[in-house]
Amino acid sequence: KGYQVEPGKEAPPADVAEKVREVLAPEALRVLDKKGDPVVDIWLRRSVPTVEGKKELGVKFGQLQEGTLLGIIRFLKKSSDFKGNDFPAGVFTMRSSLQPIDGDHQGVSETRDFVLLSPVKVDTAADPMSTKEAIKLSVQVSGIKHPTVLWLMKVTEEGAKLPRMVEDETLALWLLDCEIPAAAKEGAKANAPIRLGLVLVGKAAEQ
């Protein structure tokens, strides 16, 4: 038996800022480990604003403006991010970001889409923010110079019942496969939902 996801019953935690709380779905997703113990709770946004998709090498979520708030996540025990950096249990915002194209980040992942985690006590707005601003907040999670990051993968398998946990045996990862509705612009048809593959267990092969 692997990791599982089930509906959570709790409202978002009290220390989440009002502006952030307003955009969240009322119900959580709870992720259980292989023993059936809860490890993570996630409150996704009710809907997420989108932009004209960027076509850049390695970018799979170009329709998300950098720094878009995707939801909040509560780690119920100490954990480590995709770079293998430890961080304490707590409640964090999740914002979309792109890995820089530089020598430091070569070979870390096949694609450049990531989620930056920041403490909910310092990340209090629902609007997008620049990656630079988001990194300033994210380094406060672990107390080291590097932001705390989760890899965002593109899942294309059709017909799957979402949300679900998926194992990638090749990369030794477990990811949450879930959708957030795209916010409809006034007078326009709603875009297709954003399907996220959020890597919750596992880390980059090259540290």
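Residues numbered from 1 in each chain as written. Predicted model: local features only at pLDDT ≥ 70, side-chain atom pairs only at ≥ 80, totals over all residues. Heavy atoms only, no water.

**Some words on the environment of leucine 117**
Step number 1: Relative to the helices and strands, leucine 117 resides in strand S8 (residues 113-119).
Step number 2: Separated by 63 residues in the primary sequence, leucine 117 and isoleucine 180 have C-alpha atoms spaced 18 Å apart. (Helix = DSSP H or I, 4+ residues; strand = E, 2+ residues; numbered from the N terminus.)

**Concerning helix H2 (residues 131-142)**
Step number 1: Across its 12 residues, H2 extends 18 Å between first and last C-alpha, which sits within 8% of the 16 Å expected from 1.5 Å per residue.
Step number 2: All buried positions along H2 are accounted for by Thr131, Ala134, Leu137, Ser138 and Val141. Buried residues along H2 cover an arc of 130° about the axis, so they all sit on one side. Of the exposed residues in H2, the ones pointing more than 90 degrees away from its buried face are Lys132 and Lys136.
Step number 3: Structurally, H2 contributes buried residues whose contacts are with strand S6 (86-87), strand S7 (90-98), S8 and strand S9 (148-153).
Step number 4: After H2 finishes, the residue glycine 143 shows a positive phi value of roughly 80°. (Expected span 1.5 Å × (residues − 1). Buried < 20%, exposed > 50% of the residue type's maximum accessible area, 1.4 Å probe, protein only. Arc of directions from axis to C-beta. Contact = heavy atoms within 4.5 Å.)

**Some thoughts on the sheet that holds strand S12 (residues 194-201)**
Step number 1: Strand order in the open sheet formed by 10 strands is S1-S2-S3-S4-S7-S8-S9-S12-S11-S10, with antiparallel pairing between adjacent strands. If you trace the sheet from one side to the other, it starts and ends with strand S1 (4-8) and strand S10 (164-168), each paired once. The mean angle between the axes of side-by-side strands here comes to 35°, regardless of whether they run parallel or antiparallel.
Step number 2: Here S1 runs beside strand S2 (residues 28-32); their pairing, made up of 5 bridges, is antiparallel. Paired with proline 7 across the strands is leucine 29, a residue of S2.
Step number 3: Across the sheet, H2 lies against S7, S8 and S9, angled at about 60° from S8, the strand it touches most. (Pairing = 2+ DSSP bridges. Axes fitted to C-alpha atoms, helices over the stretch in contact; angles between N-to-C directions.)

**Focus: the pairing of S10**
Step number 1: For S10, a buried count of 4 out of 5 residues is recorded, marking the element as mostly surrounded by other parts of the structure.
Step number 2: As judged from the 5 bridges shared by S10 and strand S11 (residues 173-180), these two strands associate in the antiparallel manner. Residue pairing across strands places glutamate 167 opposite tryptophan 174, the latter belonging to S11.
Step number 3: From the end of S10 to the start of S11, which pair antiparallel, there are 4 residues, and alanine 172 there has a positive phi angle of about 55°.

**Topic: the pattern of salt bridges**
Step number 1: A full pass over the atoms with the stated rule returns 9 salt bridges.
Step number 2: A salt bridge links arginine 30 to glutamate 10; its shortest N-O distance comes to 3.9 Å. Of this pair, arginine 30 sits in strand S2 while glutamate 10 sits in the loop between S1 and helix H1 (18-23), placing them 20 residues apart in sequence.
Step number 3: The partner of glutamate 157 in a salt bridge is arginine 164, with the nearest N and O atoms 3.2 Å apart.
Step number 4: Sharing partners across several salt bridges, the network here consists of Glu10, Arg30, Asp41 and Arg74. (Salt bridge = Lys/Arg side-chain N within 4 Å of Asp/Glu carboxyl O.)

**A few points about the packing of aromatic side chains**
Step number 1: Evaluated as defined, the whole model comprises 6 aromatic pairs.
Step number 2: For the pair phenylalanine 75 and phenylalanine 87, a centre-to-centre distance of 4.9 Å together with 90° between the ring planes defines the contact as edge-to-face. Pair noted here: phenylalanine 75 is in strand S4 (residues 69-75) and phenylalanine 87 is in strand S6, with a separation of 12 residues, a long-range link. In this structure, phenylalanine 75 and phenylalanine 87 share a single accessibility class: buried.
Step number 3: Pairing phenylalanine 75 with phenylalanine 92 gives two aromatic rings, centres 6.3 Å apart and planes at 55°, and the pair type is tilted. Of the two residues, phenylalanine 75 is situated in strand S4 and phenylalanine 92 in strand S7; the sequence distance between them amounts to 17 residues. Just as phenylalanine 75 is buried, phenylalanine 92 falls in that class too.
Step number 4: Following the ring pairs from residue to residue traces out a cluster consisting of Phe75, Phe87 and Phe92.
Step number 5: Here the guanidinium or amino end of lysine 154 rests over the ring plane of phenylalanine 61, the centre of that ring lying 4.9 Å away. (Phe/Tyr/Trp six-rings, centres within 6.5 Å; stacked < 30°, edge-to-face > 60°. Lys NZ or Arg CZ within 6 Å of the ring centre and 35° of its normal.)

**Overview of the nonpolar core**
Step number 1: Judged by nonpolar contacts, the single largest core of 30 residues is most densely connected at Ile42, Ile73, Met94, Leu117, Leu198 and Leu200.
Step number 2: Looking at this core, the elements with two or more residues in it are S2, strand S3 (38-44), S4, S7, S8, S9, S11 and S12.
Step number 3: Ranked by size, the runner-up nonpolar core spans 15 residues in total, among them Met129, Trp151, Met153 and Val199. (Core = buried A, V, L, I, M, F, W, Y, C linked by side-chain atoms within 4.5 Å.)

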